[in-house]
Amino acid sequence: MTETPANPPTSWPFREAERVAQRLARTEKTHALFETGYGPSGLPHIGTFMEVARTSWIRLAFTKLTGLPSKLLAFSDDMDGLRKVPGNVPQQDMLHRYIGQPLTKVPDPFATHDSFGAHNNARLRSFLDSFGFDYEFASSTEYYTSGRFNDALRAVAAKHDVIRDIIRPTLGPERRANYSPILPLHPRTGVVMQVAIDEVDVDAGSVTWRDPETGVGYETSIFDGAAKLQWKADWAMRWYALGVDYEMSGKDLIDSVRLSSAIVRAMGAEPPETFTYELFLDDKGQKISKSKGNGLSVEDWLNYAPAESLGQFMFASPQRAKRLFFDVIPRATDDYLTSVETLCAGTGVAEDNPAWFIHGGMVPNASGSPVPFGMLLNLASVVNAETPDMLWGFIRAYRPDATPAASPFLARLVDYAVKYYQDFVKPAKRYRAPSEVERAALEDLAAGLAAMPVAAEAEALQTLLYDVGKRHPFASLRDWFSCLYQVLLGQSEGPRFGGFIALYGVAPTINLIEQALSREMVAAD
RNA sequence: GAGCCUGUAGCUCAGCUGGUAGAGCACGAGACUUUUAAUCUUGGGGUCGAGGGUUCGAUUCCCUCCGGGCUCACCA
């Protein structure tokens, strides 16, 4: 039974799912296959997360829309030849000896898996698993060697020249001369050969070619992993063989999508629905690249905010070139909180709400926070939060009902806020050196604090501050408090200081004063 | 050369299927504070890049131009 809601969802995952639904209706399929692909060269990164998350949301929308079964296939191109040795792995010399061979033939430099490819596959899987994604892993090597691609490979061989002519115009003169969609593995060296194919025997399922270095001619089977396909043909063949219904990719692959689709059509099938997303930029508007190391890693993000906020960021405007750098984290987190709030309140169409997707189509019962993340970060900075406990002290003053038990999500945010403060705000602080008058007052304060009981009341501490300030020749008490913030906390403004000391501790505060005074001595030398 | 994104308040950006512009930060004022801050209330500020077109009506759709940026053209 299908309900027809008054306001059908219009969010992009539903628009995409609609296209998949129409494709299935056209092809009379009752099961949708979504694919995401991975280059074997790198480790999982933020783009990997993005692609799987977005595809999963479309899949969720598809399920909601049609009720039909579907699957997400995470396909690793692990048979690809090792092109160059990554600089950040051990055993460089060993790896250099395997250049050109399939990654699943290259020994694992970390010696934890059967091959480098297997190692990377395992990393990919544990990465995806850590987010709880629902997917089926596929290894290109396994698919090739098991013979699963054989029929499709024969179809490619049958259209060899057509496919070659589709790709050729897009190549430079050098590659154009020897291009073939079929790359035989060298029987002696195991290298994936990019050589001219002299002859294609469709019936035998073999190709003949010549080793350009030795001049020796070979006839190689195209089946069972004895050969693989060049990238664009490989993509097309995979779509064809598996019946992929949907795959998204970055705009850098626009041309590949076009050509691979053309190849599938040449083979007499319909290419999947595709979707092109924009690439991320860094804070200066430059493209994010793994090799440059700009931008942001998943680890970075998850260090300072919950995964839900990363999902929120990835949900918004997939076809827009968004800047992805550190400063977007707080906002994404608060955007997420807003999403949860409106979702729980039942405002708007649930299926258009990012939180609905992030929580797998469910309305979370208590994933919100009574205090926005931005405010927590601000507060952490203002009160120099060394520990979550300190932050909680101030939060309780503001929101008596907010406790870790009552707001578990807030508790997570508090931890993140403290970490964010410690790693980014605190190191950037500029501590001013005290003047002579201030120095004397601070020493006076330290002595006064030393005489206080360990568990001094905020009120008593405030009185002490007040007394010390009056005892010294400050133009106004305000100057005295400004001095405390600027010299002790490295900021122009701060919390009520008596309350701060009560939470921070008397002894640590004395330490703070001593540090400030000695810091100035060092600077004076 | 081919293609993509983008140009909305000082800054960073929201504005879904067209109906006289919104948020956060910043700035101004106020409240709470025996000092300050967080917080709260409130105010100012935009010819929505330019010019055409469709429409009763366009920031929102179409075209052109200008500006900003990216991608591909070796490999995947």
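Residues take numbers from 1 onward in each chain, read along the sequence in its written order. To label them, take the chains in the order written and letter them from A, then take the ligands in the order written and number them from 1. In view of the model being predicted, local features appear only for residues whose pLDDT reaches at least 70, and side-chain atom pairs are presented and counted only at 80 or more, with totals across whole chains, interfaces and linings using the full set of residues. Excluded from the side-chain calculations are hydrogens and water; all other atoms, namely the structure's heavy atoms, are used.

(A) Layout of the protein's contact with RNA strand B. Here a residue is near a molecule or strand as soon as one of its heavy atoms is found within 4 Å of it. Near RNA strand B you find 39 residues, and of these Lys251, Gln462, Phe481, Tyr485 and Arg496 are the closest. Within 4 Å of the protein, the contacting atoms of RNA strand B are drawn from sugar and phosphate to the extent of 69%. N or O atoms within 3.5 Å of each other form a polar contact, as long as, within protein, one can give a hydrogen and the other can take it, and as long as residues adjacent in sequence are counted only when both atoms are side-chain atoms. With respect to RNA strand B, the side chain of aspartate 77 contributes an N or O atom lying 3.2 Å from a sugar or linking oxygen. A distance of 2.9 Å is found between a phosphate oxygen of RNA strand B and a side-chain nitrogen or oxygen belonging to glutamine 230. Within the residue set of the surface near RNA strand B, elements represented by two or more residues are helix H15 (373-382), helix H19 (458-471) and helix H20 (477-489). Element by element, the count of residues in the surface near RNA strand B is highest for H15, at four residues. Under the scheme applied here, ten amino acids are nonpolar (Ala, Val, Leu, Ile, Met, Phe, Trp, Tyr, Cys and Pro), four are charged (Asp, Glu, Lys and Arg), and all others, including Gly, are polar. Of the residues assigned to the surface near RNA strand B, the class counts are 14 nonpolar, 11 polar and 14 charged. Strands here are runs of E lasting at least two residues and helices are runs of H or I lasting at least four, both read from the DSSP assignment and numbered beginning at the N terminus.

(B) Examining helix H13 (residues 328-345) more closely. One fewer than the residue count of a helix, multiplied by 1.5 Å, yields its expected span. Between its terminal C-alpha atoms H13 stretches 26 Å, which fits the 26 Å expected from 18 residues at 1.5 Å a residue. Note on contacts: a residue pair is in contact if any heavy atoms of the two residues lie within 4.5 Å. Each element contacted by the buried residues of H13 is listed here: helix H11 (298-304), helix H12 (307-315), helix H14 (354-358), H15 and helix H17 (408-425). Glycine 346 sits one or two residues past H13 and shows a positive phi near 75°.

(C) Quick peek at the sheet that holds strand E7 (residues 217-221). Think of it this way: DSSP has to see at least two bridges between two strands before they count as a pair. Spatial ordering of the open sheet is given by E5-E6-E7, a layout of three strands whose pairing is antiparallel. Strands with a single pairing partner mark the edges of an open sheet, and in this sheet they are strand E5 (197-201) and E7. Within the sheet, the average angular offset between the axes of one strand and its neighbour, ignoring direction, is 20°. Direction of pairing for strand E6 (residues 206-210) relative to E7: antiparallel, over a ladder of five bridges. Each bridged residue has a counterpart across the sheet, and for serine 206 the counterpart in E7 is serine 221. Working convention: axes come from line fits to C-alpha atoms, limited for helices to the stretch in contact. Angles between N-to-C directions cover 0 to 180 degrees.

(D) Broad picture of the domain arrangement of chain A. Annotation of chain A at the domain level lists domain 1 (12-160 + 231-279), domain 2 (298-428) and domain 3 (436-518). Relative to domain 2, the C-alpha centre of domain 1 lies at a distance of 32 Å. Buried area between domain 1 and domain 2, summed over both chains or domains, comes out near 1700 Å², and the portion from carbon and sulfur atoms is 76%. Area buried by domain 1 at its contact with domain 2 is led by Ile46, Trp57 and Leu60, which between them contribute 32% of it. Salt bridge, as used here, is a side-chain nitrogen of Lys or Arg placed within 4 Å of a carboxyl oxygen of Asp or Glu. Between glutamate 351 and lysine 64 there is a salt bridge whose closest N-O contact spans 3.6 Å. Joining domain 1 to domain 2, the criterion identifies four residue pairs in polar contact (both at pLDDT 80 or more). Within the residue set of the side of domain 1 that touches domain 2, elements represented by two or more residues are helix H1 (12-27), helix H2 (46-66) and strand E10 (273-277). As annotated, the domain borders come from an automatic or database domain assignment. Buried area is understood as the total, over both parts, of accessible area removed when two parts are fitted together, assessed with a 1.4 Å probe.

(E) View of the pairing of strand E2 (residues 70-76). Only protein chains enter the area calculation, which uses a 1.4 Å probe; residues under 20% of their type maximum are buried, those over 50% are exposed, and those in between are partly exposed. Across the seven residues of E2, six count as buried, placing the element largely inside the fold. Bridge count between strand E1 (residues 32-38) and E2: seven bridges; the pairing is parallel. Paired with alanine 32 across the bridge in E2 is serine 70. In this structure, E2 lies alongside strand E3 (residues 136-139), joined through four bridges in parallel fashion.

(F) Representation of the environment of glycine 42 within the structure. For glycine 42, the position within the fold is in the loop between E1 and H2. As a C-alpha pair, glycine 42 and glycine 360 span 318 residues in sequence and 28 Å in three-dimensional space.

(G) Local environment of the sheet that holds E10. Strands sit in the order E3-E2-E1-E9-E10 across an open sheet of five strands; the sheet is parallel. Pairing within the sheet leaves two strands with one partner each, and these edge strands are E3 and E10. Pairwise comparison of adjacent strand axes, ignoring direction, gives a mean angle of 25° for this sheet. In terms of strand pairing, strand E9 (residues 246-250) meets E10 through five bridges, oriented parallel. Note that in E10 the partner of glycine 250 across the bridge is tyrosine 277. Against the sheet, helix H9 (residues 231-242) makes contact with E1, E2, E9 and E10, and its axis sits at roughly 155° relative to E1, the strand it touches most.

(H) Spotlight on a negative patch on the surface. Together, Asp198, Glu199, Asp201, Asp203 and Glu219 give the surface a local cluster of negative charge. Considering every element that reaches the negative patch, the biggest residue donor is E5, with three residues. You can see glutamate 199 is positioned in strand E5. Glutamate 199 gets classed as exposed once you look at its relative accessible area, which sits at 53%. Only residues whose relative accessible area exceeds 30% and that form no salt bridge enter a patch; like-charged residues are grouped when within 9 Å of one another, and nonpolar side chains (Val, Leu, Ile, Met, Phe, Trp, Tyr) when within 5 Å. Exposure was quantified through the Shrake-Rupley algorithm and a 1.4 Å probe, taking into account, for residues, occlusion by the shown protein chains and nothing else. Positive charges come from Lys and Arg, negative ones from Asp and Glu, while His and the chain ends are left out of the count. Where a charge sits is defined by one atom per residue type, namely NZ (Lys), CZ (Arg), CG (Asp) or CD (Glu).

(I) Inspection of the packing of aromatic side chains at higher detail. Ring pairs are drawn from Phe, Tyr and Trp, using the six-membered ring of Trp, whenever the two centres fall within 6.5 Å, and their geometry is named by plane angle: stacked under 30 degrees, edge-to-face over 60, tilted for the rest. Following the criterion strictly, the structure yields 30 aromatic pairs and no others. Look at tyrosine 336 and phenylalanine 409: their rings are 5.6 Å apart centre to centre, the planes differ by 50°, and that puts the pair in the tilted class. Of this pair, tyrosine 336 sits in helix H13 while phenylalanine 409 sits in helix H17, and the two are 73 residues apart along the sequence. When its relative accessible area of 4% is taken as the criterion, phenylalanine 409 is described as buried. With a centroid separation of 4.9 Å and 90° between ring planes, the pair formed by tryptophan 356 and phenylalanine 357 is classed as edge-to-face. With respect to class, tryptophan 356 is no different from phenylalanine 357; both count as buried. Of the aromatic side chains, those joined through ring pairs into one cluster are Trp12, Phe14, Trp57, Phe275, Phe315, Trp356 and Phe357. Any Lys NZ or Arg CZ found within 6 Å of a ring centre and within 35 degrees of that ring's normal is scored as a charge over the ring. When the ring centre of phenylalanine 137 is taken as origin, the NZ or CZ atom of arginine 125, which lies over that ring, is 4.3 Å away. Stacked on the ring of phenylalanine 313, the Lys or Arg lysine 322 has its end atom at 4.0 Å from the ring centre.

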